[in-house]
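Secondary and tertiary structure notes
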Amino acid sequence: GPKVLQIPSHQIIDMGQMVTLNCDPVSNHLYFYWYKQILGQQMEFLVNFYNGKVMEKSKLFKDQFSVERPDGSYFTLKIQPTALEDSAVYFCASSLEQHTGQLYFGEGSKLTVL
Amino acid sequence: QQQVRQSPQSLTVWEGETAILNCSYEDSTFNYFPWYQQFPGEGPALLISIRSVSDKKEDGRFTIFFNKREKKLSLHITDSQPGDSATYFCAAIPGNNRIFFGDGTQLVVKP
């Protein structure tokens, strides 16, 4: 089936540093998302993105977070500066349409902030 | 406030048994309910879904039963297989693009 690729699969950084998580969504998809998951538990919505703009973001999407998809390339999540509580697995997802719930998720990027 | 609740948190069944995973929600505007299956080290994958106009959705060994009045639904996995061992997330969509996920049920199927 359609694949969403995420790079890196795991990154370890020191608190205060910047990190960029990259996502290569399904090629014809138009809507992009980031979710945060801690300890394999609840998927926490961060942000969704369409047509070059953030459509909606949650309270977890702090000011230190930003997303972009320059020139239709990777959809990125940047955290600057990082904090200890940012340690989690971040999942990127994409969908062709709205309101379908048919999100395709990547395998996640595990972020460890020391 | 947790919008989507799941129970039990973990469930162990024997191969061949029926596993029943429960889900309830708060917001009556939720009208679409996908279930996602997640294996360790992987992202969630859409397994089966139901719209609020239906009370049952079946796909092979997986069946969703939906009770709109009580705001409850359940996922039944018949003839459970060890390969079904995973975490199952109930999710709900109110009609915009934001999906609310439950905390998940970790299913273990013993051979």
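Reading guide: rules and limits
Residues numbered from 1 in each chain as written. Chains lettered and ligands numbered in written order. Predicted model: local features only at pLDDT ≥ 70, side-chain atom pairs only at ≥ 80, totals over all residues. Heavy atoms only, no water. Helix = DSSP H or I, 4+ residues; strand = E, 2+ residues; numbered from the N terminus. Rg over C-alpha atoms; globule rule 2.2 N^0.38 Å. Buried < 20%, exposed > 50% of the residue type's maximum accessible area, 1.4 Å probe, protein only. Contact = heavy atoms within 4.5 Å. Areas by Shrake-Rupley, 256 points an atom, 1.4 Å probe, with all protein chains shown as cover. Lys, Arg positive; Asp, Glu negative; His and termini not counted. Charge placed at Lys NZ, Arg CZ, Asp CG, Glu CD. Disulfide = S-S within 2.5 Å. Core = buried A, V, L, I, M, F, W, Y, C linked by side-chain atoms within 4.5 Å.

**Regarding the overall build of chain A**
The secondary structure content of chain A amounts to zero helices and eleven strands. Counting from the amino terminus, helix and strand elements in chain A follow one another as β-β-β-β-β-β-β-β-β-β-β. The C-alpha atoms of chain A give a radius of gyration of 13 Å, which matches the 13 Å a tight globule of 114 residues would have. Viewed in the frame of its principal axes, chain A has a C-alpha envelope of about 35 × 25 × 25 Å. Evaluated residue by residue, chain A yields a buried proportion of 46% over its 114 residues. When contacts within chain A are restricted to residue pairs at least 6 apart in sequence, those whose partners lie at least 24 apart make up 54%. For chain A, the accessible area works out to roughly 5900 Å², and carbon and sulfur atoms hold 50% of it. In chain A, which carries 9 positive and 11 negative side-chain charges, the distance between the mean positions of the two groups comes to 2 Å.

**Observations regarding the state of the cysteines**
What we call a disulfide is simply a covalent bond connecting the sulfur atoms of a pair of cysteines. Residue and element names in this part refer to chain A. Under the counting rule described, the total for this entry stands at two disulfides over all chains. Across the disulfide, Cys23 is cross-linked to Cys92 (sulfur-sulfur distance 1.9 Å). The sign of the -65° torsion about the S-S bond sets the Cys23-Cys92 disulfide as left-handed. Residue Cys23 is located in strand E3 (residues 19-24), and its partner Cys92 is located in strand E9 (residues 88-95); the two are separated by 69 residues in the primary sequence. On the accessibility criterion, Cys23 (0% relative accessible area) is buried.

**Description of the nonpolar core**
Ranked by internal contacts, the top residues of the largest apolar core, which has 25 residues, are Trp35, Leu73, Leu75 and Tyr88 of chain B. Those residues in contact with Leu75 of chain B, other than ones at most four positions away along the chain, are Ala19, Ile20, Leu21, Trp35, Leu47, Ile48, Phe62, Thr63, Ile64 and Tyr88 of chain B. Counting 22 residues, the second largest nonpolar core, distinct from the first, contains Val19, Leu46, Val47 and Phe49 of chain A.

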